[in-house]
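# Coordinate inspection notes
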Amino acid sequence: MTRAMGAAMRRIHVGNALSAFGLGFTVPYLYVYVAQVRGLGAMTAGLVLAVFAVAALLVLPFAGRAIVRRGPRPVLLAALVTAAVGALSLGLAGNSTAVLLSAAALGAGQAVMQPALATMIVECSTADTRSRAFAMQFFLQNLGLGVGGLIGGHLVDSTRVDSFTLLFSIEAAVFLLLAVVMATVRMPHSPRIEDAPAQAAKGSWKQLLGNRAMVQLSVLGFVLFFACYGQFESGLSAYGVEAAGISTSALGTALAANTLMIVVAQFAVLRFVERRRRSRVIAAVGLIWALAWVLAGYAGLGHGSQEMATAAFVSTYALFGLGEAMLSPTVAPLVADLAPTGMAGQYNSAFALVKQLALAVGPAVGGPLGASLPAPYIVTFLLFSLGITFLALRLGRQLTAVQDQPWLGKSRVVARGGAAAEPVVAEA
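Residues numbered from 1 in each chain as written. Predicted model: local features only at pLDDT ≥ 70, side-chain atom pairs only at ≥ 80, totals over all residues. Heavy atoms only, no water.

## Things to note about the overall build of the protein chain
On a plain count of helices and strands, the protein chain comes out with 17 helices and zero strands. Looking at the 428 residues of the protein chain, the share that counts as buried comes to 54%. Long-range contacts, defined here as pairs at least 24 residues apart, represent 86% of the contacts in the protein chain between residues at least 6 apart. Total accessible area computed for the protein chain in this model is approximately 17,300 Å², and 67% of it derives from carbon and sulfur atoms. (Helix = DSSP H or I, 4+ residues; strand = E, 2+ residues; numbered from the N terminus. Buried < 20%, exposed > 50% of the residue type's maximum accessible area, 1.4 Å probe, protein only. Contact = heavy atoms within 4.5 Å. Areas by Shrake-Rupley, 256 points an atom, 1.4 Å probe, with all protein chains shown as cover.)

## Concerning the confidence of the model for the protein chain
Across the protein chain, the average pLDDT comes to 83, with 90% of residues at or above 70. This stretch, residues 191–202, has a pLDDT under 50; its non-local contacts, to residues over four places away or in other chains, come to 21 contacts. (pLDDT = per-residue confidence, 0-100.)

## Section: the pattern of salt bridges
Scanning the model with the defined rule gives five salt bridges in all. The residue Arg-132 makes a salt bridge to Glu-274 at a minimum N-O spacing of 3.4 Å. Of this pair, Arg-132 sits in helix H6 (residues 130–155) while Glu-274 is found in the loop between helix H11 (248–273) and helix H12 (278–301), placing the two residues 142 residues apart along the sequence. Classification of Arg-132 as partly exposed rests on a relative accessible area of 38%. (Salt bridge = Lys/Arg side-chain N within 4 Å of Asp/Glu carboxyl O.)

## A word on a nonpolar patch on the surface
Together, Leu-143, Val-147, Leu-150, Ile-151, Leu-155 and Leu-166 give the surface a local cluster of nonpolar side chains, amounting to about 480 Å² of exposed area. Considering each element in turn, the nonpolar patch owes the most residues, five residues, to H6. As for its position among the elements, Val-147 is in helix H6. (Patch = residues over 30% accessible without salt bridge, like charges linked within 9 Å, V, L, I, M, F, W, Y side chains within 5 Å.)

## A word on helix H2 (residues 30–37)
Taken residue by residue, H2 has Leu-30, Tyr-33, Val-34, Ala-35 and Val-37 as its buried positions. Gly-39 occupies a position one or two residues after H2 and carries a positive phi of about 65°.

## Details of the environment of Gln-216
Turning to its location among the elements, Gln-216 is positioned in helix H9 (residues 212–229). The exposure class of Gln-216 is buried, given its relative accessible area of 11%. The contact partners of Gln-216, leaving out residues within four places of it in the chain, are Arg-394, Leu-395 and Gln-398.

## Digging into the packing of aromatic side chains
The geometry of an aromatic ring pair comes down to the distance between the two centres and the angle between the two planes. Following the criterion strictly, the structure yields 16 aromatic pairs and no others. The interplanar angle of 65° and the centroid separation of 5.9 Å between the aromatic rings of Phe-225 and Phe-351 together place this pair among those described as edge-to-face. Here the residue Phe-225 occupies a position in helix H9, and Phe-351 occupies one in helix H15 (residues 344–372), the gap between them amounting to 126 residues. Each member of the pair Phe-225 and Phe-351 is classed as buried. Three or more aromatic residues joined by ring pairs form one cluster here, namely Phe-222, Phe-226, Tyr-239, Trp-289, Trp-293, Phe-320, Tyr-377, Phe-381 and Phe-384. Seen from the ring of Phe-272, Arg-276 lies directly overhead, with NZ or CZ sitting 4.0 Å from the centre. It is Lys-355 that lies over the ring of Tyr-229; its NZ or CZ is 5.8 Å from the centre. (Phe/Tyr/Trp six-rings, centres within 6.5 Å; stacked < 30°, edge-to-face > 60°. Lys NZ or Arg CZ within 6 Å of the ring centre and 35° of its normal.)

## Thoughts on the side chain of Ser-385
Positionally, Ser-385 belongs in helix H16 (residues 374–396). On the basis of relative accessible area, Ser-385 is assigned to the buried category, the value being 0%. At a separation of 3.4 Å, a polar atom in the side chain of Ser-385 contacts the side chain of Trp-293. (Polar contact = N/O pair within 3.5 Å; in protein donor to acceptor, adjacent residues only side chain to side chain.)

## What to know about the packing of helix H5 (residues 96–123) against H6
Contact geometry for H5 and H6: axes closest at 10 Å, N-to-C directions at 150°. The way H5 lies across H6 gives a crossing that is right-handed. Across the interface between the two elements, Ala-118, Ile-121 and Val-122 from H5 touch Arg-130, Ala-133, Phe-134 and Gln-137 from H6. Residues belonging to the contact of H5 with H6 are distributed by class as follows: five nonpolar, one polar and one charged. (Axes fitted to C-alpha atoms, helices over the stretch in contact; angles between N-to-C directions. Left-handed = near helix turned anticlockwise from the far one by under 90°. Nonpolar A, V, L, I, M, F, W, Y, C, P; charged D, E, K, R; others polar.)

## Re the nonpolar core
In terms of nonpolar packing, the biggest core is built from 120 residues, with Met-182, Leu-217, Leu-220, Leu-236, Trp-289 and Phe-313 touching the most fellow members. Within the second largest apolar cluster, five residues are counted, among which are Ala-56, Leu-60, Ala-111 and Leu-353. (Core = buried A, V, L, I, M, F, W, Y, C linked by side-chain atoms within 4.5 Å.)

## Considering the packing of H9 against helix H13 (residues 306–327)
Packing of H9 against H13 leaves a shortest axis separation of 11 Å and a crossing angle of 150°. What the angle tells us is that H9 and H13 run roughly antiparallel. For the element pair H9 and H13, the recorded crossing hand is left-handed. Residues Leu-224, Ala-227, Cys-228 and Tyr-229 of H9 touch H13, and the partners they reach there are Phe-320, Glu-324 and Leu-327. In the contact of H9 with H13, the residues fall into six nonpolar, no polar and one charged. (Parallel < 35°, antiparallel > 145°, perpendicular 65-115°, else oblique.)

## Some details on the side chain of Arg-130
Along the chain, Arg-130 falls in helix H6. Residue contacts for Arg-130: discarding those within four places in its chain leaves Val-122, Ser-125, Pro-333, Ala-336 and Asp-337.

## Some points on the environment of Ala-111
Looking at the element boundaries, Ala-111 is found in helix H5. Since its relative accessible area comes to 7%, Ala-111 is described here as buried. Taking the C-alpha atoms as reference points, Ala-111 and Leu-57, 54 residues apart in sequence, are found 8.4 Å from one another. Every residue in contact with Ala-111, bar those within four places of it in the chain, is listed here: Ala-56, Val-59 and Leu-60.

## Quick look at the environment of Phe-267
With respect to the helices and strands, the residue Phe-267 is situated in helix H11. Residues Phe-267 and Met-326, spaced 59 residues apart in sequence, show a C-alpha to C-alpha distance of 9.5 Å. Dropping the residues within four chain positions of it, Phe-267 is found in contact with Arg-132, Met-136 and Phe-139.

Dropping the structure here:
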């Protein structure tokens, strides 16, 4: 990595922390703000959360193409300004229409930040440093979310509208500050779609769908996000409260255990996974999460004491955190390495779209199932976790040796923004 790439990477990591801080600052309090503080009711508050997901699903297919054509930084700057306008408008909105439109702007802006920042990391890293860069991104994102939520919780007062107006105004200011920081990043030249071979310019989505390894990784990604992230604040928490009798304070402890595991274990785990096949690391995560669901099953369906049930439930969230720490230096770099020259933005956006779909479907399925059918809920997601292991091992047969074991390619020059050439994959 050159000195210029290192300087750019440091600013990008600041950007990741600030974007996560802005997200954690307000999202936990959106429901209370809309339903109670603005007095718009539970239905409107639910629609606001749905609008976040819908806005992301609508803009992400176009974001990838824009990143490929214009580069990640201009797209990121546009997303930050959009998110800032949405946040400020949301803090001032007094009726349902204004709240929903503001939420759409905020959701769209925040959705585009993720693939834009990920593509900037790809362009400012090498195959040898990419895993560590994405591990640092994940670490800073979790730290930013935790700090943002903690500070935001101390600023808001559900009896005062102006406290929420202040909260959203600060979030808007954070996004604008991040725009200033990102505007100063000197990105190394990376291929754009105009620089890529002629075939890369024709139907980038068709080209992506023709990449069997990327399609399999997308299916695997959907299962990963559906079975873990999509359950944290919906199905698993509903199951914990209804079936395991977990108190709200214990639920908070479980969420804290998840974050603490990520913060403490991230770089120790990185040293462990850096020299192992990516497909086998993901397969191991499936087994770890299967154990987590077994512990969750004991917490709600076992016959131990309440203390044992609480300990098992907290351990479930901690094991999920361990799996997340293993995935952060594995999955995102793999997406980048599967992308042809100049197409990293398209691939990052496609994978972000898969994540959004899983996060939209996960709570809708897991919430009612976890609350009303605890045993089928545990069995279902135990099987999904074992499915992760199966899909990961199957994906490994589609990857080249360097894609699965990137340290083998240290001597090879890898084009910034993706792989040096079209990936050649073996037949399954």
